[in-house]
Amino acid sequence: MWGGRFAGGPAAVMREINASIPFDKRLWQQDIAGSRAHVAMLGAQGILSLDDAATIDAGLARIHDEFAANGVPVDMALEDIHMTVESRLAELIGPVAGRLHTARSRNDQVATDFRLWVRDAIDTVDAGLAAFQAVLLDRAEEHADTVMPGFTHLQVAQPVTLGHHLMAYVEMIARDRSRFADARVRMNRSPLGSAALAGTGFPVDRHATAAALGFDGPTANSLDSVSDRDFALDYLAAASSCALHLSRLAEEVIIWASQPYGFVSLSDAWSTGSSIMPQKRNPDAAELVRGHTGRIIGCFTALMITMKGLPLAYSKDMQDDKPPLFEAHDLLALSIAAMTGMMESISFRPDRMRAAAASGYSTATDLADWLVRERNVPFREAHHIVGSAVKAAEAHGCDLADLPLAVAQAIDTRLDAGALAALTVEASVASRTSHGGTAPVRVREAIAAARAALAGGGNAS
């Protein structure tokens, strides 16, 4: 490739450090698609003869079939996927293959390939997240009335429904899908035709190649076109946020599956055992999802650090843009699939959840609200009264609802039997009817709205 300028070949170590084919071979489909769009444009513009363009296109189609059947050959001397394709093309059709690279550079070629790959990756992730939302919706509907403790500071706070809890993750995943969708819109411009950095003097039609590859149009500045990796960073930012949400649910599954909680039981398909303790059922899949999050965030950080000091336009450092994105995408796709499978097969324990929901005086706020609503007591005064009632219940070793009426009225005469009757966990969750609240009626409304959006091809939010 460099024979006209260099008298000798690269050192063995230089060849190894310079080659990217071991990882950028994943771009083979995008590389061939970009080359076919490029050569079709060259023929249409009269830059190549139509016969040469047709010969090159047929050769590229044959290479596509070969790689699909047998994989991409790895030859370190050919450096990257671009030269691997071009070398095979020359073997198939002879010297006319050399015309393919007219009016382009590997700089705009790889920028185009990589955008195409990231765009496909976004579509893959979005489909996985939509399937995950569908599973969460099924389980939320199944447990729209199931009472569980809501926590703050990992302390029992107020009763909620399991359906409401699961719908919180539907909302998180909806935001993740919107971030990926935003990134896809922003990056859907074609760098092809920017050449090395300054554009080209050939009469190329960049709008034609952009349309052929499904882009919304060409990029506007040739320098930015070949040096921009914001699209990859956008993907990694969205992937990091998504992984954080998966990790939060994974952590809750891990806690819920522990014996002190016992809220869930994982299926055999999503558990592992111990080499020494035969009784163990470990939530390893959830733990690995939690662990993958650190690696995905690390990939985001790695690419940011790679890009932070690069002057315009292209620098070889940018060859290292692909491994972190490939790694993050593989880990995220695996994590989404694992969480989908776990949540689809997990067994919930409503009895354990309800018992925990009733502990820790979780309906204390309901008693304060009752005083405000039924006795016109200012909330701060009601808060103080209920605090005294909780202290008395602790002293008597009972729940608030079981506090002797005489003891309650000794604290405040406005506490009557009606107040204590309102303190069941079922009454508590049923009363939370504000928009977005945990009342079963609101949970079912939220599920119905999310299902309708998902069925219409939109986002379940």
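Since the model is a prediction, treat every value here as computed from it, not as a measurement.

**Brief notes about the overall build of the protein**
Next, step 1: Along the backbone of the protein there are 19 helices and four strands.
Next, step 2: Relative to the globule expectation of 23 Å for 461 residues, the C-alpha radius of gyration of the protein, 30 Å, shows a markedly less compact shape.
Next, step 3: A burial count over the protein gives 47% of its 461 residues as buried.
Next, step 4: Here the analysis covers contacts within the protein between residues at least 6 apart in sequence; of these, 77% occur between residues at least 24 apart.
Next, step 5: Roughly 21000 Å² of accessible area belongs to the protein as shown, and the carbon and sulfur atoms make up 55% of that amount.
Next, step 6: Measuring between centres, the 41 positive side-chain charges of the protein sit 2 Å from its 54 negative side-chain charges.

**Points about the pattern of salt bridges**
Next, step 1: By the definition in use, this model includes 30 salt bridges.
Next, step 2: Measuring nitrogen to oxygen at the nearest pair gives 2.2 Å for the salt bridge that ties R444 to D145. Separated by 299 residues along the polypeptide, R444 in helix α19 (residues 440-455) and D145 in the loop between α6 (106-142) and β1 (147-152) bring together distant segments of the chain.
Next, step 3: Judged by relative accessible area, which is 40%, R444 ranks as partly exposed.
Next, step 4: Where D351 meets R349, a salt bridge forms, and the shortest distance between an N and an O atom there is 3.5 Å.
Next, step 5: On the accessibility criterion, R349 (33% relative accessible area) is partly exposed.
Next, step 6: Overlapping salt bridges bring together R62, E66, R88 and E91 as one network.

**Considering α19**
Next, step 1: Here α19 spans 22 Å end to end across 16 residues, near enough to the 22 Å set by a 1.5 Å rise per residue.
Next, step 2: Turning to α19, its buried residues number three or more, namely P440, V443, I447, A450 and L454. End-on, the buried residues of α19 take up no more than an arc of 90 degrees, which puts them together on one face.
Next, step 3: In this fold, the buried residues of α19 make contact with α6, β2 (155-161), α7 (162-187) and α18 (425-431).
Next, step 4: Looking one or two places after α19, you find G457, whose phi comes out positive at around 85 degrees.

**Digging into the nonpolar core**
Next, step 1: Among the nonpolar cores identified, the biggest contains 94 residues, and F180, Y235, L332 and M343 are the most heavily contacted of them.
Next, step 2: Element by element, the count of residues in this core is highest for helix α10 (residues 230-257), at 15 residues.
Next, step 3: If we skip the residues at most four places from it in the chain, L332 touches V125, F180, Y235, A239, C242, A243, L246 and I296.

**Some details on a nonpolar patch on the surface**
Next, step 1: Judged by side-chain polarity, L197, L223 and L312 come together as a nonpolar surface patch covering roughly 260 Å² of accessible area.
Next, step 2: Locating L197 in the fold gives a position in the loop between α7 and α8 (206-212).
Next, step 3: By relative accessible area, L197 is classed as partly exposed at 39%.

**Details of the packing of α7 against α10**
Next, step 1: Following both chains from N to C, one finds α7 and α10 inclined at 170 degrees, their axes separated by 8 Å at the closest point. In terms of orientation, α7 and α10 fall into the roughly antiparallel class.

**So, the environment of P73**
Next, step 1: Secondary-structure assignment places P73 in the loop between α4 (50-70) and α5 (81-93).
Next, step 2: Classification of P73 as partly exposed rests on a relative accessible area of 46%.
Next, step 3: Setting aside residues no more than four positions away along its own chain, P73 makes contact with I21, F67 and T84.

**Details of the packing of aromatic side chains**
Next, step 1: Under the defined criterion, the tally for this structure stands at seven aromatic pairs.
Next, step 2: Residues F114 and F326 carry aromatic rings whose centres are separated by 6.4 Å and whose planes lie at 80 degrees to one another, so their mutual orientation is edge-to-face. One end of the pair, F114, is in helix α6; the other, F326, is in helix α12 (residues 322-345), with 212 residues separating them in the sequence. Taken as a pair, F114 and F326 share a single burial class, namely buried.
Next, step 3: Site record: aromatic cluster; members linked through ring pairs are F114, W117, F231 and F326.
Next, step 4: The lysine or arginine in question, R119, covers the ring of F215, its NZ or CZ lying 4.9 Å from the ring centre.
Next, step 5: When the ring centre of F114 is taken as origin, the NZ or CZ atom of K322, which lies over that ring, is 5.3 Å away.

**Some remarks on the packing of α6 against α12**
Next, step 1: Where α6 contacts α12, the axes come no closer than 9 Å and their chain directions differ by 15 degrees. The orientation of α6 with respect to α12, classified from their angle, is roughly parallel. As for how α6 packs across α12, the hand of that crossing is left-handed.
Next, step 2: Residues of the contact of α6 with α12, tallied by class, amount to 17 nonpolar, five polar and three charged.

**Concerning the state of the cysteines**
Next, step 1: Per the counting criterion, the structure on display carries zero disulfides.
Next, step 2: Not engaged in a disulfide, the cysteine C299 finds its nearest cysteine sulfur in C242; these two sulfurs lie 14 Å apart.
Next, step 3: Judged by relative accessible area, C299 falls into the buried class, the value being 4%.

**Brief notes about the side chain of T438**
Next, step 1: By the secondary structure assignment, T438 is in the loop between α18 and α19.
Next, step 2: Polar side-chain contacts of T438 include one of 2.8 Å to the backbone nitrogen of T161.

**Observations regarding the side chain of T219**
Next, step 1: Among the secondary structure elements, T219 is positioned in the loop between α8 and α9 (222-227).
Next, step 2: A relative accessible area of 12% means that T219 is categorised as buried.
Next, step 3: Polar contacts involving the side chain of T219 include one to the side chain of S225, which spans 2.5 Å.
Next, step 4: When near neighbours in sequence (up to four residues on either side) are disregarded, T219 contacts R115, R189, S190, P191, S194, R206 and S225.

Here is what the cut-offs are and how they apply
- Residues numbered from 1 in each chain as written.
- Predicted model: local features only at pLDDT ≥ 70, side-chain atom pairs only at ≥ 80, totals over all residues.
- Heavy atoms only, no water.
- Helix = DSSP H or I, 4+ residues; strand = E, 2+ residues; numbered from the N terminus.
- Rg over C-alpha atoms; globule rule 2.2 N^0.38 Å.
- Buried < 20%, exposed > 50% of the residue type's maximum accessible area, 1.4 Å probe, protein only.
- Contact = heavy atoms within 4.5 Å.
- Areas by Shrake-Rupley, 256 points an atom, 1.4 Å probe, with all protein chains shown as cover.
- Lys, Arg positive; Asp, Glu negative; His and termini not counted.
- Charge placed at Lys NZ, Arg CZ, Asp CG, Glu CD.
- Salt bridge = Lys/Arg side-chain N within 4 Å of Asp/Glu carboxyl O.
- Expected span 1.5 Å × (residues − 1).
- Arc of directions from axis to C-beta.
- Core = buried A, V, L, I, M, F, W, Y, C linked by side-chain atoms within 4.5 Å.
- Patch = residues over 30% accessible without salt bridge, like charges linked within 9 Å, V, L, I, M, F, W, Y side chains within 5 Å.
- Axes fitted to C-alpha atoms, helices over the stretch in contact; angles between N-to-C directions.
- Parallel < 35°, antiparallel > 145°, perpendicular 65-115°, else oblique.
- Phe/Tyr/Trp six-rings, centres within 6.5 Å; stacked < 30°, edge-to-face > 60°.
- Lys NZ or Arg CZ within 6 Å of the ring centre and 35° of its normal.
- Left-handed = near helix turned anticlockwise from the far one by under 90°.
- Nonpolar A, V, L, I, M, F, W, Y, C, P; charged D, E, K, R; others polar.
- Disulfide = S-S within 2.5 Å.
- Polar contact = N/O pair within 3.5 Å; in protein donor to acceptor, adjacent residues only side chain to side chain.

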